[in-house]
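# Observations on chain architecture
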Amino acid sequence: MTHVSPARKQSEKALYGGTGSRRITVRDIAAAKERAEKWPMLTAYDAMTASVLDQAGIPVLLVGDSMGNCHLGYESTVPVTMDEMTLLSAAVVRGTRRALVVGDLPFGSYQEGPVQALRNATRLVKEAGVGAVKLEGGERSAHQIELLVQSGIPVMAHIGLTPQSVNAYGGYPVQGRGEEAAQQLLRDAKAVQDAGAFAVVLELVPAELAAEVTRSLHIATVGIGAGPDCDAQVLVWTDMAGMTDGRVPRFVKQYAQLRQGLGDAARAFAEDVVGGAYPAEEHSFH
């Protein structure tokens with residue numbers, strides 16, 4: 001019988017770099033928390049991009065309502081609809097084999113209460129095939145989370161800056177500064193954990209507070225503008241890859257400049273067409 005070392009078993013189970021071919025599940029996320037393993041998460045909005053990220057080993061892909069800003073041309077996430085979320089979530093699921101696909105519940109799809117949340121989350125699971133859903137809010141969303149989890153739908157929570165509340169915030173300010181705000185964030189984190197969420201996104205939260213939240217929870221924390229001590233980190237893929245036009249948030253690190261590269265390719269194609277260099281003989285049929 002072949003002996004498999006504990007180190008190799010751990011390597012096989014790793015969320016990023018692991019050798020397993022089955023879908024990542026929320027149980028894998030919980031196990032990674034126990035191992036103190038850090039892991040990456042990116043957004044995705046279409047099958048082709050999702051396929052690239054899945055093959056790169058990204059273990060969790062979020063079909064975020066950030067599609068409103070970077071994919072659908074809206075000024076914020078607020079206009080995103082359930083039809084749009086369902087359509088694009090299904091595309092991401094079709095483009096992946098291993099990643100856990102998490103679908104956002106957009107603004108207006110769960111605020112009425114747990115029953116509305118269950119109806120729309122069920123749609124993402126049944127029609128799009130997502131493995132989990134995400135919704136914003138701490139204590140105020142605890143009842144929604146509780147019903148979804150009791151109904152068999154894994155939930156990723158989202159606290160700190162909640163972009164769907166942009167009109168109430170009047171912008172995108174850092175959350176949790178000051179003793180009272182910090183205590184509220186801690187209460188929100190405990191509330192979503194107690195309601196059954198398997199992970200919680202911390203957005204635009206002071207690094208020290210995010211570290212305290214991460215230490216205090218037994219579920220995974222996913223940081224975005226929340227310092228280095230969260231269990232995982234997420235970025236919008238168009239920000240990460242340099243597709244976003246203009247300024248990007250301070251917390252973004254750009255790992256490529258795809259916008260410039262794509263523009264260069266388009267201009268080269270156009271110049272070949274105008275100059276008669278394309279199509280050449282090797283691109284033609286006889």
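Residues numbered from 1 in each chain as written. Predicted model: local features only at pLDDT ≥ 70, side-chain atom pairs only at ≥ 80, totals over all residues. Heavy atoms only, no water.

Rules: UniProt positions are given in the numbering used here, feature names are shortened, and annotations may be inferred rather than shown by experiment.
Under the annotation held in an unreviewed UniProt entry, the protein carries the name 3-methyl-2-oxobutanoate hydroxymethyltransferase and is attributed to Streptomyces javensis. Listed under Subunit (unreviewed entry) in UniProt, the entry text for the protein is "Homodecamer; pentamer of dimers." Checking UniProt for the protein, the heading Function (unreviewed entry) contains the comment "Catalyzes the reversible reaction in which hydroxymethyl group from 5,10-methylenetetrahydrofolate is transferred onto alpha-ketoisovalerate to form ketopantoate."

## Some words on the packing of aromatic side chains
To keep it simple, the criterion reads: Under the pairing criterion, centres of Phe, Tyr and Trp rings, with the six-membered ring standing for Trp, must be within 6.5 Å; the plane angle then separates stacked pairs below 30 degrees from edge-to-face pairs above 60, leaving the rest tilted. The classification of residues rests on relative accessible area computed with a 1.4 Å probe and restricted to protein chains. Under 20% of the type maximum is buried, over 50% is exposed, and intermediate values are partly exposed.
According to the stated counting rule, one finds one aromatic pair in the structure shown. Between the aromatic rings of phenylalanine 269 and tyrosine 278, the centroid separation amounts to 6.0 Å while the plane-to-plane angle is 65°, which identifies the pairing as edge-to-face. Since its relative accessible area comes to 38%, tyrosine 278 is described here as partly exposed.

## A short note on the side chain of threonine 214
For clarity, the cut-off: Per the convention used, a helix needs a DSSP run of H or I reaching at least four residues, while a strand needs a run of E reaching at least two, with both numbered from the N terminus. Residues adjacent in sequence count toward polar contacts only when both atoms are side-chain atoms; beyond that, a polar contact is any pair of N or O atoms within 3.5 Å, and within protein one must be able to donate a hydrogen and the other to accept it. Every residue pair with non-hydrogen atoms within 4.5 Å of one another is taken to be in contact.
Secondary-structure assignment places threonine 214 in helix α10 (residues 207-216). At 2.8 Å, the side chain of threonine 214 forms a polar contact with the backbone oxygen of alanine 210. If sequence neighbours within four positions are ignored, threonine 214 has contacts with Lys33, Thr221, Asp229, Cys230 and Asp231.

## Points about the packing of helix α7 (residues 142-150) against helix α9 (residues 179-195)
Counted only if it meets this: A fitted line through C-alpha atoms represents every axis, and for helices the fit uses only the stretch in contact; the resulting angles, taken between N-to-C directions, go from 0 to 180 degrees. Roughly parallel refers to an angle under 35 degrees, roughly antiparallel to one over 145, roughly perpendicular to one between 65 and 115, and oblique to any angle outside these ranges. Working rule for handedness: look at the near helix, and if it is turned counterclockwise from the far one by less than a right angle, call the crossing left-handed; if clockwise, right-handed. Polar here means any residue other than Ala, Val, Leu, Ile, Met, Phe, Trp, Tyr, Cys and Pro, which are nonpolar, and Asp, Glu, Lys and Arg, which are charged; Gly is therefore polar.
Relative orientation of the contacting elements α7 and α9 amounts to 20°, with a least axis distance of 8 Å. Judged by the angle between their axes, α7 and α9 are roughly parallel. The way α7 lies across α9 gives a crossing that is right-handed. Contacts from Ala142, Ile145, Glu146 and Val149 of α7 reach α9 at Ala191, Val192 and Ala195. Its residues assigned to classes, the contact of α7 with α9 shows six nonpolar, no polar and one charged.

## Notes on helix α2 (residues 26-35)
Our working rule: An arc is given here, and it is the one of the directions from the helix axis to the C-beta atoms.
Within the span of α2, buried status applies to Asp28, Ile29, Ala32 and Lys33. For α2, the arc enclosing every buried residue in end-on projection is 145°, short of the 170-degree limit, so these residues lie on one face. Residues of α2 that are exposed and point over 90 degrees away from its buried face: Arg27 and Glu34. Against β1 (39-43), β2 (60-63), β3 (100-104), α10 and β7 (220-224) lie the buried residues of α2. Following α2 by one or two positions, alanine 36 has its phi on the positive side, about 60°.

## Regarding the packing of helix α6 (residues 114-128) against α7
Look at α6 against α7: their axes get within 8 Å of each other, and the N-to-C directions meet at 50°. On the basis of their axis angle, the class for α6 and α7 is oblique. Regarding α6 and α7, the two cross each other, and that crossing is right-handed. On α7, the residues touching Pro114, Val115, Ala117, Leu118 and Ala121 of α6 are His143, Gln144, Leu147 and Leu148. Grouping the amino acids of the contact of α6 with α7 by side-chain chemistry returns seven nonpolar, two polar and no charged.

## What to know about the pairing of strand β6 (residues 199-203)
Worth spelling out the cut-off: Here a strand pair is declared whenever DSSP counts at least two bridges between the two strands.
Burial within β6 is extensive, with five of its five residues counted as buried. Residues of β6 alternate between two faces, with Ala199, Val201 and Glu203 on one and Val200 and Leu202 on the opposite face, all of them buried. Where strand β5 (residues 155-160) and β6 come together, five bridges link them in parallel fashion. Within β6, the position partnered with alanine 157 by the bridge is valine 200. With five bridges joining them, β6 and β7 adopt parallel strand pairing.

## Things to note about the UniProt feature "binding site: 3-methyl-2-oxobutanoate" (unreviewed entry) in the protein
As recorded in UniProt, the sites labelled "binding site: 3-methyl-2-oxobutanoate" (unreviewed entry) are Asp65, Ser66, Asp104 and Lys134. Across 70 residues, the annotated set stays spatially compact, with a maximum C-alpha separation of 12.3 Å. Within the secondary structure, aspartate 65 sits in the loop between β2 and α4 (67-70). Non-local contacts of aspartate 65, meaning those with residues more than four positions away in its chain, are made with Thr77, Val80, Met85, Asp104, Pro106, Glu136 and Gln164. The topology assignment puts aspartate 104 in strand β3. Overall, the relative accessible area of 2% leaves aspartate 104 in the buried class. Apart from the residues lying within four places of it in its own chain, the contact partners of aspartate 104 are Leu62, Val63, Gly64, Asp65, Met85, Leu124 and Lys134.

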